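# What the coordinates show
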Amino acid sequence: MTVDIVPPARLGETALPDGRVLGWAEWGPHEGMPVLLSPGAATSRWLGCGAFGGLGVRLVSVDRPGLGASTAAPGRTFADFAADIRAFAAKRELGNPAMVGNSQGGPFALACAGAGVVSALALVSCADEVAAPEFDGRIPAELRDIVTKAREDPAGAVALFAGFDADAMWDMVIANSPDVDLAVYREPSFEAAYRRALAEAFQQGSAGYARDTLLAMSRWPFRLDGIAVPVDVWYGEKDVSHSPDNGEWLTSRIPGAHRHLVPDAGGSLLWTHAEAILRRLLSHIERH
């Protein structure tokens, strides 16, 4: 399968009030409708979400602290990230933008929605709250062991996650993806773009990824039933790695959320169904 991956139109870094910077990349017209992207695990600002020309979207992908071009913030929390995005949006005059959260970027996007930082949210192949007791017995033994370690020995879990680098992440993605996703990931231009994003994400080392993963695999400290913005939850029917139930329970916890289960698709929805995802997101903004 061929997926159009376009290099960013603009790259930059924005200073936060405390002097740290957040690295970002943009696609689409500068005057377009701002949509923030919270990228997946260990992928930097460099990897966008495929072709969406003609929608009038200004897609802004932001590196989380310690990844890519963003200053590290040891010990950061979900609430810290939401505060960073609030300051980033104000500094760049983005207003109250919509947001897309992909894979491990999903919980961070949810934190932003819960804090009222964004106006609408699309969760795409979102990493689910696997540490929740509702998933006991529904996740593989290896993942269950990691979740237990994150709960009982956070420092040890961080050390485990810190053993990953760009090549190890790529190998893990390939080893755990169904054929429908491998057809995307193994396409030469996509593989090159994905691996470049991984390499850039790890350019400061692995601490940023390790912190992200500890937060995502622990119990989430924010309440989903307090989210008051429109939320769409997107999963591919053949996605085997992001949620034990393809987001059914996750969707039920968010008031008014709508789940889209795409037949014959996997975890690569951000790239195979970008236009449909963004059109749906824009429809919420237009109504408000």
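First, a word on what this report is: a plain description of the structure on this page. (Residues numbered from 1 in each chain as written. Predicted model: local features only at pLDDT ≥ 70, side-chain atom pairs only at ≥ 80, totals over all residues. Heavy atoms only, no water.)

Counting its regular elements, the protein contains eleven helices and eight strands. At 17 Å, the protein has a C-alpha radius of gyration in line with the 19 Å of a compact globule built from 288 residues. Dimensions of the protein, computed from the C-alpha atoms along their principal axes, are close to 50 × 45 × 40 Å. Here the protein holds 288 residues, and 58% of them are scored as buried. Summarising the internal contacts of the protein: among those between residues at least 6 apart in sequence, 72% fall at separations of at least 24. Per element, the accessible surface of the protein, about 11700 Å² overall, is 53% carbon and sulfur. A distance of 4 Å separates the average location of the 25 positive side-chain charges in the protein from that of its 35 negative side-chain charges. (Helix = DSSP H or I, 4+ residues; strand = E, 2+ residues; numbered from the N terminus. Rg over C-alpha atoms; globule rule 2.2 N^0.38 Å. Buried < 20%, exposed > 50% of the residue type's maximum accessible area, 1.4 Å probe, protein only. Contact = heavy atoms within 4.5 Å. Areas by Shrake-Rupley, 256 points an atom, 1.4 Å probe, with all protein chains shown as cover. Lys, Arg positive; Asp, Glu negative; His and termini not counted. Charge placed at Lys NZ, Arg CZ, Asp CG, Glu CD.)

Turning to the packing of helix H1 (residues 78-91) against helix H2 (residues 105-114), a few remarks are in order. As a packed pair, H1 and H2 sit with axes 8 Å apart at the nearest point and diverge in direction by 65°. The angle between H1 and H2 places the two elements in the roughly perpendicular class. For the pair H1 and H2, the sense of crossing is right-handed. Residue-level inspection shows Phe78, Phe81, Ala82 and Ile85 of H1 in contact with H2, the latter providing Pro107, Phe108, Ala111 and Cys112. Looking at side-chain class alone, the contact of H1 with H2 contains eight nonpolar, no polar and no charged residues. (Axes fitted to C-alpha atoms, helices over the stretch in contact; angles between N-to-C directions. Parallel < 35°, antiparallel > 145°, perpendicular 65-115°, else oblique. Left-handed = near helix turned anticlockwise from the far one by under 90°. Nonpolar A, V, L, I, M, F, W, Y, C, P; charged D, E, K, R; others polar.)

Turning our eyes to something else, we now look at the sheet that holds strand E5 (residues 98-102). Here eight strands make up an open sheet; going across it, the order is E1-E2-E4-E3-E5-E6-E7-E8 and the pairing mixed. Here the strands that pair on one side only, and so sit at the sheet edges, are strand E1 (10-15) and strand E8 (258-262). Recorded for the sheet is a direction-independent mean angle of 25° between the axes of neighbouring strands. By the bridge criterion, five bridges tie strand E7 (residues 231-236) to E8 in an arrangement that is parallel. In the sheet register, Val233 faces E8, and the bridge partner there is Arg259. Across the sheet, H2 touches strand E3 (33-38), E5 and strand E6 (121-124), and the angle it forms with E5 is around 150°. (Pairing = 2+ DSSP bridges.)

Under the defined criterion, the tally for this structure stands at 14 aromatic pairs. When the centroid spacing of 5.1 Å and the interplanar angle of 75° are considered together, the rings of Phe190 and Trp271 count as edge-to-face. Of this pair, Phe190 sits in helix H7 (residues 188-201) while Trp271 is found in helix H10 (residues 269-272), placing the two residues 81 residues apart along the sequence. Here Phe190 matches Trp271 in class, with each residue buried. Ring geometry for Tyr194 against Trp271: centres 6.1 Å apart, planes inclined by 55°, an arrangement best described as tilted. Pair noted here: Tyr194 is in helix H7 and Trp271 is in helix H10, with a separation of 77 residues, a long-range link. Of note, Arg196 hangs over the ring of Trp46, and the distance from its end group to the ring centre comes to 3.5 Å. A cation over a ring is seen here: Arg253 above Trp249, with NZ or CZ 4.0 Å from the ring centre. (Phe/Tyr/Trp six-rings, centres within 6.5 Å; stacked < 30°, edge-to-face > 60°. Lys NZ or Arg CZ within 6 Å of the ring centre and 35° of its normal.)

Geometric descriptors of this kind do not, in isolation, establish any biological role.
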